[in-house]
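If you want the building blocks of each chain, they are given just below.
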Amino acid sequence: MKEKLNFGNLALKTLMSIVGVTILSIGATFLRGGNVGLDPFTAINTGISNKLGLGLGIFQLSVNFVIFLLILWLDRKKIGIGTFVNMIMVGFEIQFFTQIYNQLFPEKITFLVIVADTVIGLLLFTLGSSLYMGPKLGVAPYDAIAPIFSERFKSSYKITRIIQDVLFMAGALAFGGPVGFATIIVAFFTGPLITWWNEHISDPLVEFINHLTRPDTRNKVTVLLSAMGRRTYESVAKTYEATEIMQARLGRYSNSDLKTQQKIARRNLANSKQTYENYLAQYKMIEEELNKRKNQ
């Protein structure tokens, strides 16, 4: 069931996309810092921008804009807030984080640095990709090319994406872009990692945002929990007050009074057990409803 976006929902999902793009950019920065290669699109943009003497941010934004116009003509449904977040931020963020990286790690590149940069870079790059695409607010212009062409030519998306990445990788090599074994890994083998991040981080986070911003959830469940909390507080307060009174009067009770109070305490224990079972039933009902909505 498709969730209807409201302002809170859209704002939180946009924030999720922004955070995802930032993490993606940090991951690309580690790959760049270790000289192990960037993703094909960033690699070709880096190579051409270096040849032209332009900053990566400006050049990549310009290329994204050209592809954006193509996507706008072919399939504008692929465009959303996430599209603009990615096309505007990535190049500038990689440029910015690279300056920070060079200041923090000015030492010469060693084998251990290469391994660390590769592992950290790939993990962050795929996590960021998962987070920015998870809310389904649109994809980057580059990421929209393969789905559009695979739909138009009735071809496999996987094959189309591989062809796309290989062509851009060849272009990056031709223009002296940072192509390495990480470029090949990003082009061919990031799918399983992104899928893992989707299942364990992004999809649950999107579901949490949908639930958090659902109007009926905010109103009905909040009222229910508030009422349950109020009744629990009142019950605990009355029990505490009765216990203090009994403690103060305990020495003045006759044997008959003590037996009467014992019967009352036994009855209250039975009632408390029933109250506990009722709250447990309420908890299970709420849990079942949440699981049912999650599977819709």
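From a predicted model like this one, the values you see are computed outputs, not experimental measurements.

Here is what the cut-offs are and how they apply
Residues numbered from 1 in each chain as written. Predicted model: local features only at pLDDT ≥ 70, side-chain atom pairs only at ≥ 80, totals over all residues. Heavy atoms only, no water. Helix = DSSP H or I, 4+ residues; strand = E, 2+ residues; numbered from the N terminus. Buried < 20%, exposed > 50% of the residue type's maximum accessible area, 1.4 Å probe, protein only. Expected span 1.5 Å × (residues − 1). Arc of directions from axis to C-beta. Contact = heavy atoms within 4.5 Å. Axes fitted to C-alpha atoms, helices over the stretch in contact; angles between N-to-C directions. Parallel < 35°, antiparallel > 145°, perpendicular 65-115°, else oblique. Left-handed = near helix turned anticlockwise from the far one by under 90°. Nonpolar A, V, L, I, M, F, W, Y, C, P; charged D, E, K, R; others polar. UniProt positions renumbered as here; feature names shortened; annotations may be inferred. Phe/Tyr/Trp six-rings, centres within 6.5 Å; stacked < 30°, edge-to-face > 60°.

(A) A look at the overall build of the chain. If you tally the helices and strands in the chain, you get 10 helices and zero strands. If you list the helices and strands of the chain from N to C, you get α-α-α-α-α-α-α-α-α-α. Looking at the chain residue by residue over its 296 residues, the buried ones come to 37%.

(B) Region of interest: helix 7 (residues 157-174). Helix length check: helix 7 (18 residues) gives 26 Å between terminal C-alpha atoms against 26 Å at 1.5 Å per residue, within 8%. Burial in helix 7 covers these residues: T160, R161, Q164, D165, M169, G171 and A172. The buried side chains of helix 7 occupy one side of the element, clustering within an arc of 165 degrees when seen end-on. Turned more than 90 degrees away from the buried face of helix 7, the exposed residues are L167, L173 and A174. Summarising the contacts, the buried residues of helix 7 are in contact with helix 2 (40-52), helix 6 (141-152) and helix 8 (181-212). Of the residues flanking the end of helix 7, it is G176, one or two places downstream, whose phi is positive at about 75 degrees.

(C) Looking closely at the packing of helix 3 (residues 56-74) against helix 4 (residues 81-104). Between helix 3 and helix 4, whose axes approach to 7 Å, the crossing angle comes to 160 degrees. The angle between helix 3 and helix 4 falls in the class roughly antiparallel. The handedness of the crossing between helix 3 and helix 4 is right-handed. Together, L56, G57, I58, Q60, L61, N64, F65 and F68 of helix 3 and T83, F84, M87, I88, V90, G91, F92, I94 and Q95 of helix 4 make up the contact between the two elements. In terms of residue class, the contact of helix 3 with helix 4 is made up of 11 nonpolar, six polar and no charged.

(D) Spotlight on helix 3. Relative to the 27 Å expected for 19 residues at 1.5 Å per residue, helix 3 spans 27 Å between its end C-alpha atoms, a close match to the ideal helical length. Three or more residues of helix 3 are buried, namely L56, G57, F59, Q60, N64, I67, F68, I71 and L74. Lining the buried residues of helix 3 we find helix 1 (7-33), helix 2, helix 4 and helix 6.

(E) A look at unusual backbone geometry. A positive phi is found at K136, a non-glycine position, where the angle reads about 55 degrees. By the element assignment, K136 lies in the loop between helix 5 (111-133) and helix 6. Notably, K154 is not glycine yet its phi reads approximately 55 degrees, a positive angle. The topology assignment puts K154 in the loop between helix 6 and helix 7.

(F) Seen up close, the UniProt feature "transmembrane region" (unreviewed entry) in the chain. Under the present numbering, the feature "transmembrane region" (unreviewed entry) in UniProt falls on residues 12-32, 52-72, 79-97, 109-127 and 166-189. Between the first and last C-alpha atoms of residues 79-97 the distance is 27 Å; the span itself is 89% helix and 0% strand. From the first C-alpha to the last, residues 166-189 spans 13 Å; its make-up is 75% helix and 0% strand.

(G) Here's a closer look at the packing of aromatic side chains. Scanning the model with the defined rule gives 10 aromatic pairs in all. When the centroid spacing of 5.2 Å and the interplanar angle of 80 degrees are considered together, the rings of W196 and W197 count as edge-to-face. Taken together, F30, Y101 and F105 form an aromatic cluster joined through their ring pairs.

(H) Geometry of the environment of G20. With respect to the secondary-structure elements, G20 resides in helix 1. The exposure class of G20 is buried, given its relative accessible area of 0%. For the pair G20 and F125, spaced 105 residues apart in sequence, the C-alpha to C-alpha distance is 8.9 Å. Setting aside its immediate chain neighbours within four residues, G20 contacts G128, L131 and Y132.

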